[in-house]
Every structure is written in C-alpha cells, then in structure tokens.
Amino acid sequence: MKRLLLVSILLGSVMFGAQAPPNPTRAQVVQMMKDISNWGRWGKDDELGTFNLITPEKRRQAARLVREGISVSLAHTLEKEVFPDNPTPFKQEFLMGTDGKMRAGAAMDVISSTYHATTTTHMDSLCHYIFEGKTYNGWEIEKYHQASPTRPGFGEGPGCMKNSILGFKDGLLTRGILVDIPLMKGVKYLEPGTAVTVADLEAWEKYAGLKIGSGDALFLRTGRFLRRAERGPWPAATQSAGFHVSVMPWMKQRDVGLLSSDSVEDVQPSNIEGFPRPIHMVAINALGMPLIDVADLEEVAKVAARLKRWEFMLTVTALPAPGGSGSPVNPTATF
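In what follows, the accompanying structure is described.

Cut-offs used in this document
- Residues numbered from 1 in each chain as written.
- Predicted model: local features only at pLDDT ≥ 70, side-chain atom pairs only at ≥ 80, totals over all residues.
- Heavy atoms only, no water.
- Helix = DSSP H or I, 4+ residues; strand = E, 2+ residues; numbered from the N terminus.
- Buried < 20%, exposed > 50% of the residue type's maximum accessible area, 1.4 Å probe, protein only.
- Polar contact = N/O pair within 3.5 Å; in protein donor to acceptor, adjacent residues only side chain to side chain.
- Contact = heavy atoms within 4.5 Å.
- 1 Å grid on protein atoms, 1.4 Å probe; cavity = no way out; pocket = protein on both sides within 12 Å on 5 of 7 lines; lining within 4 Å.
- Points joined across faces, edges and corners; volume = space filled by probe spheres on them.
- Nonpolar A, V, L, I, M, F, W, Y, C, P; charged D, E, K, R; others polar.
- Salt bridge = Lys/Arg side-chain N within 4 Å of Asp/Glu carboxyl O.
- Phe/Tyr/Trp six-rings, centres within 6.5 Å; stacked < 30°, edge-to-face > 60°.
- Lys NZ or Arg CZ within 6 Å of the ring centre and 35° of its normal.
- Pairing = 2+ DSSP bridges.
- Axes fitted to C-alpha atoms, helices over the stretch in contact; angles between N-to-C directions.

## A closer look at the side chain of Thr 118
Positionally, Thr 118 belongs in the loop between strand E3 (109-112) and strand E4 (122-124). Given the relative accessible area of 6%, Thr 118 is considered buried. Polar contacts involving the side chain of Thr 118 include one to the main-chain carbonyl oxygen of Asp 85, which spans 2.7 Å. When sequence neighbours within four positions are dropped, the list of residues in contact with Thr 118 reads Asp 85, Arg 224, Ala 236, Ala 237, Val 264 and Val 294.

## Section: empty space enclosed by the protein
According to the stated counting rule, one finds three cavities of 30 Å³ or more in the structure shown. What the largest cavity holds in volume is close to 50 Å³. Around the largest cavity, the lining residues are Asn 23, Phe 243, His 244, Val 245, Asp 266, Val 267, Ser 270, Ile 272, Pro 278 and Ile 279. For the lining of the largest cavity, a count of residues per class yields six nonpolar, three polar and one charged.

## Concerning the pattern of salt bridges
Across all of its chains, the model carries 19 salt bridges by this definition. We note a salt bridge from Arg 64 to Glu 57, for which the minimum N-O separation is 3.0 Å. The exposure class assigned to Glu 57 is partly exposed, which follows from its relative accessible area of 39%. A salt bridge links Glu 79 to Arg 228, with the shortest nitrogen-to-oxygen separation between them at 2.8 Å. In this pair, Glu 79 sits in the loop between strand E1 (71-73) and strand E2 (91-94) while Arg 228 sits in helix H7 (residues 224-231), placing the two residues 149 residues apart along the sequence. Neither residue differs from the other here; Glu 79 and Arg 228 are each classed as buried. Each of Lys 58, Arg 175, Asp 216 and Glu 311 takes part in salt bridges that share partners, so that together they form one network.

## A word on the packing of aromatic side chains
Within this structure, the stated rule accounts for eight aromatic pairs. Between Phe 219 and Phe 312 the ring centres are 6.3 Å apart and the planes differ by 50°, which places this aromatic pair in the tilted class. In this pair, Phe 219 is assigned in strand E11 (residues 217-221) and Phe 312 in strand E15 (residues 311-316), connecting sequence segments 93 residues apart. By relative accessible area, Phe 312 is classed as buried at 1%. A connected cluster of aromatic rings, assembled from ring pairs, spans Trp 204, Tyr 207 and Trp 310. The positively charged end of Arg 224 is found above the aromatic ring belonging to Phe 225, 4.3 Å away from the centroid. The aromatic ring of Phe 83 is capped on one face by Arg 228, whose charged end is 5.4 Å from the ring centroid.

## Here's the deal with the sheet that holds E4
An order of E1-E17-E15-E9-E11-E13-E14-E4-E16 is seen for the nine strands of this open sheet, with the pairing classed as mixed. Both outer strands of the open sheet, E1 and strand E16 (326-328), are each paired with one neighbouring strand and no more. With strand direction ignored, the average angle separating the axes of adjacent strands in the sheet is 25°. As paired strands, E4 and E16 are joined by three bridges and run antiparallel to one another. Each residue of the ladder has a partner; that of His 122, found in E16, is Pro 328. Helix H10 (residues 298-307) rests against E1, strand E9 (172-180), E11 and strand E17 (332-334) of the sheet, and its axis sits at about 80° to E9.

Right, here's the structure in full:
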C-alpha cells in the first residue's frame, strides 16, 4: 500500500496542476526503482530492456509514418573547441605525408571522443548506470564488468560483458515523438532548472493530437541549443531543463521505449541527495530503458511545426563496440 501511495503522490502532484512537484528523498527514489522495475520482465537473461517493446508491428507502424520523405538528423555536430559545456572536445587528426601535407592518394584521419558529455549526441547502454553493484536485470559488476588498467583512470579489457551497447547492434526503428515544450508554452526555450512534468507531457499530447504509447521514443526539446546560440555555452551538465523524476512511473505505465532530450534528460540540478541524475538511474538501471543524450532538436522542431506533425519514423544505429557503455549516434527522423 505504501508503494502504491508513493507512486500516486508523485503522479498526482503533477497531474492536478502543481507546477513544481516536490522532490522525493533518496529513499523514495530507491523505492520507485523497486516499484516500477522491469527486472525479470523479459526473462532473467535479458539485456535489451525496453527495446523488447519495439516489436515487428511497431516497426511497421513507424514505417507507415513516412509520407513526405523528409529526413532530419537529430545529432549535434561534433565540436573540437573547449567550451563550458564541452570540456573534453572531439579530437580529429589527419594523417600527413613526410612533407607535412595531406596524403596525395587518400585522406585519412583518426578520431576520438569522450562521448559521455554534453555536446556529443550519444546513446547510453544498459551497463552505464550501476546501483548497489548491479546493472539492469541484476547483472553483477564484479562478475560482468572487467578492465585491465594500463594507466591511471583507464583500462583495456572486455568492459561491460553484459548490457553493453553491442546488444543494440541491429539498430532501432520505431515511432519517434518530439515533445516541444517551449513551442507549447509560447517561449523560445526553457531556462536551466525548469522541470518538465507529467502535466506537461499530457498537455503536449493534447496540443500535438497524439498519444504516447508502447515502444515509442520521446525526444524532449527544451530549446537548449537555441539558447546556447543566442546566449553562449554554459555548464549544461549541471544546469539544464529536463524531466522531473516524477515522470518515471508514467513512463512505465505508457511503456515508453527510449528517452532523449537536447541535454541530459534530467532537470539539473536534481536537488535529490545521492541521485544527481535520477532519470538516468531509474530509466537505465530499473527500467532497462536506453537514453540518447544531447540530441540537437532545433531543425526537426522547425520541420515538425511546418508539417504540424510531431511523430516520425526514427532510426538509430550505434557503433557495435564490444563491452561499450554507450556509443556516439546519429538519430534520424523521417517524415
């Protein structure tokens, strides 16, 4: 009864007009994780999580959304400069000839990226967030995460032997939904620290004339990159608009397949002791829901507004990196 009451309070506080739902305690977030957990739902050996909800019929449904044949990238262009929100820039080195010039026969380069950052669009795998020594579905890190340190802070080894990004090698094709809260509220962008609630999501369904359902991928536009273009970069990793953790029981009820935003999904700061990014922890660890951080949603927002249609066929492919905790990705919306 107490568990159901907690979920009811968290949902009710946002469904009946409260603009700023109360922040749960750490203990309440832990209880939420237990209450809405998908561990064991698809079997004890499962490593796909909510991607199990993306059925063949769901893919066919998504393909039927292609009408105009317009494709739009949802990825932010990689940046090589250091900014307050890009402390570890993308690196690119071109291979040169002995004369110091580009090779005459073929251009070749080496690229590297600390992609779990706030300017590189990337997918988090299900081993990315660990709670009490376990990743999604109960895989123990002591047994299924290994590295052989070769220099301080780094290692070479198998990495995540369970729940790695390799499990998503076949890619993702499903219905994508743009949730454009600034458009609905008549503002250019949301200010950092603005929490998006269940009330906002349900208001958006009415505004856009659609219903969020099983296997859908939600892309939350806060206007972060428009604000960045107008006012300059800021530390978005710790200061950003995003989902309030109280949306997570609703996400479970709707069986959402994937979450994304133009920042880190979580409203920042979370102001929850012990859970700086509770959306990440609940989604990845408890629900087995992959996340796509740092989607650039400005162009797709323009196309969707022009077409007055905020659903599309979404395709995403990740690098098939054995043991990877995630991967840079280039999600594509096709209308």
